[in-house]
Amino acid sequence: MLNKTRLLTPGPTPLPERVRLVLAQDMIHHRKSAFKQAMHATQEKLRVLFGTEGPVLPLSCSGTGAMTAALHGLCAPGERILVIEGGKFGQRWREIAQVRGLECLTLEVEWGQAVRPQDVARMLDAHPDIAAVCVQVSETSTGVLHPVRELAAVTRGRDVLLIADGISAVGISPCPMDDWGIDCLLTGSQKGLMLPPGLALLALSPRAWEKAAQVAPSCFYFNLLKERDNVLKGQTLFTSPVSLILGLAESLDMLLEAGLDAVYRKQWALTMMARTGAKALGLELFAPAHFTWGLTSVRLPAGISAPDVVKYAAEDYGVYLAGGQDRLKSSVIRIGHMGWVDWADVLAGLSALKASIEKAGGWCGSRDYLSLSFAAYRQALEGPAGAPLPLIHS
Ligand SMILES: *Cc1c(COP(=O)(O)O)cnc(C)c1O
């Protein structure tokens, strides 16, 4: 009761009041005209968000469901794929592929680093039977942004599909799928889209649709071709996640009213703010070079346990941070700043992080991290007049 709850986790993320009010509405029927209208309106906005001409399919599942639907819909058992594995979500591609019976080659990337497109090109040269490359646009477990635009430049000229998990990237950093040449882009509702979990979105390129038409369905529920037929009629194959779709219409309105460029710039500025603050606290940034715009991962000083820091920040300050994942569980803290998170939340996050590290027995120095991080935010947000956003990986 004494603190506001600040959800600075890399999903789920806080819900804006406008979205919560829509989610509170009574049910409407998913086969009637009001819902169909909402679906059609949502499609137009989703195409802007995804940067695609094609339909964007809503699926009733978490993000992993869309990853599953993509691999099952685009690859047949026995086909060979290449998975880029530089974190927990890269591993998940491999796990899904194994259940699907795919031949899985893995390109291992050191956690905290981004994949090098030339390494992918070399793998594709050595194995001309690779049908698809699976990657995370943003590897949420490490805070890395992979060079998806450059990867697409490698795959688009070959007979290889690029399947991109954009769950912590869509609505957070630019990822225009048609322009870049991504064949499958998917996301989930609970990160940049400011919605509760439970809805996933997936879009395919024309050549991916051709491929999907050749793959026999592997299960009854996920059927991309049937979902596409339904979406064109303002419907979904089975009962729609009605409230989430109506909430999505509202959150897309918010994003597009602000303008995607402004949204991406805000995300960039929050990233600069968190990174500057963490450095001023004497913390080592876990993704030093190619970092995502929706979260900041930091290494804790030796001997300080991440679960303790997470616990103190929540109990004492109402700030919910995330620990690391897997082998980084006790040594890394992730500060989420995607979706409905603003500069004041990030300042709160930095303050809670410092106090919690100190409570756990660490020492963060005496630099004025708040002023430094706020100055970095303002500079990134305002920049020189009309300055373009930094080009990713250029
Ligand atoms: C959150 C996340 C997922 C997992 O999504 P679920 O909704 O938990 O299934 C997968 N990939 C990335 C990159 C994510 O950030």
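Check the entry above for the structure.
Residues numbered from 1 in each chain as written. Predicted model: local features only at pLDDT ≥ 70, side-chain atom pairs only at ≥ 80, totals over all residues. Heavy atoms only, no water.

A. Representation of the packing of aromatic side chains within the structure. For the structure on display, the rule yields seven aromatic pairs. Here the aromatic rings of phenylalanine 220 and phenylalanine 238 are separated by 5.7 Å at their centres, their planes lie at 45°, and the arrangement is tilted. Placement of the pair is phenylalanine 220 in the loop between helix H8 (206–214) and helix H9 (224–232) and phenylalanine 238 in the loop between H9 and helix H10 (242–258), with a sequence separation of 18 residues. Accessibility expressed as a relative area gives 68% for phenylalanine 220, which makes it exposed. Between the aromatic rings of tyrosine 221 and phenylalanine 238, the centroid separation amounts to 5.4 Å while the plane-to-plane angle is 10°, which identifies the pairing as stacked. (Phe/Tyr/Trp six-rings, centres within 6.5 Å; stacked < 30°, edge-to-face > 60°. Helix = DSSP H or I, 4+ residues; strand = E, 2+ residues; numbered from the N terminus. Buried < 20%, exposed > 50% of the residue type's maximum accessible area, 1.4 Å probe, protein only.)

B. Representation of unusual backbone geometry in the model. Residue proline 12 is bonded to the preceding glycine 11 through a cis peptide linkage, with omega at -5°. Topologically, proline 12 is positioned in the loop between strand E1 (6–7) and helix H1 (17–23). The backbone of aspartate 326 shows a phi angle near 60°, a positive value even though the residue is not glycine. Looking at the element boundaries, aspartate 326 is found in the loop between strand E14 (322–323) and strand E15 (332–336). When its relative accessible area of 41% is taken as the criterion, aspartate 326 is described as partly exposed.

C. Here's a closer look at the sheet that holds strand E9 (residues 184–188). The strand order across the open sheet built from seven strands is E2-E10-E9-E8-E5-E3-E4, with neighbouring strands paired in mixed fashion. Since the sheet does not close on itself, it has two edges, and those belong to strand E2 (56–60) and strand E4 (103–108), each with one partner. For this sheet, the mean inter-axis angle between neighbouring strands, taken without regard to orientation, is 20°. In this structure, E2 lies alongside strand E10 (residues 199–204), joined through five bridges in antiparallel fashion. Across the sheet, the residue bridging to leucine 57 is leucine 202, located in E10. Those strands touched by H8 are E2, strand E5 (130–136), strand E8 (161–165) and E10, and its axis lies near 100° from that of E10. (Pairing = 2+ DSSP bridges. Axes fitted to C-alpha atoms, helices over the stretch in contact; angles between N-to-C directions. Contact = heavy atoms within 4.5 Å.)

D. Quick peek at the site of the ligand. Among the 14 residues in the neighbourhood of the ligand, the closest are listed as Ser62, Thr64, Thr140, Asp165 and Lys191. Contact between the ligand and threonine 64: an oxygen atom at 2.5 Å from a side-chain N or O atom of the residue. Contact distances for the ligand include 2.4 Å between an oxygen atom and a side-chain N or O atom of threonine 140. Considering the ligand on its own, with 380 Å² of exposed area, one finds that the protein chains cover 88% of that surface. The biggest single contributor to the shell around the ligand is helix H3 (residues 63–74), with three residues. Of the residues in the shell around the ligand, the class split is three nonpolar, eight polar and three charged. (Near = heavy atom within 4 Å. Polar contact = N/O pair within 3.5 Å; in protein donor to acceptor, adjacent residues only side chain to side chain. Areas by Shrake-Rupley, 256 points an atom, 1.4 Å probe, with all protein chains shown as cover. Nonpolar A, V, L, I, M, F, W, Y, C, P; charged D, E, K, R; others polar.)

E. View of the packing of helix H11 (residues 260–280) against helix H14 (residues 369–382). The geometry of H11 relative to H14 is characterised by a closest axis approach of 8 Å and an angle of 155° between their N-to-C directions. It follows from the interaxial angle that H11 and H14 lie roughly antiparallel. In the packing of H11 onto H14, the handedness of the crossing is right-handed. Residues Arg265, Lys266, Trp268, Ala269, Leu270, Met272, Met273, Thr276, Gly277 and Ala280 of H11 pack against Tyr369, Leu372, Ser373, Phe374, Ala376, Tyr377, Ala380 and Leu381 of H14. When the residues that make up the contact of H11 with H14 are grouped by side-chain class, the tally is 13 nonpolar, three polar and two charged. (Parallel < 35°, antiparallel > 145°, perpendicular 65-115°, else oblique. Left-handed = near helix turned anticlockwise from the far one by under 90°.)

F. Here's a closer look at the pairing of E5. Across the seven residues of E5, seven count as buried, placing the element largely inside the fold. In this structure, strand E3 (residues 80–85) lies alongside E5, joined through four bridges in parallel fashion. Across the sheet, the residue bridging to leucine 82 is valine 133, located in E5. Here five bridges tie E5 to E8, and the two strands are oriented parallel to one another. Paired with alanine 132 across the two strands is leucine 161, which belongs to E8.

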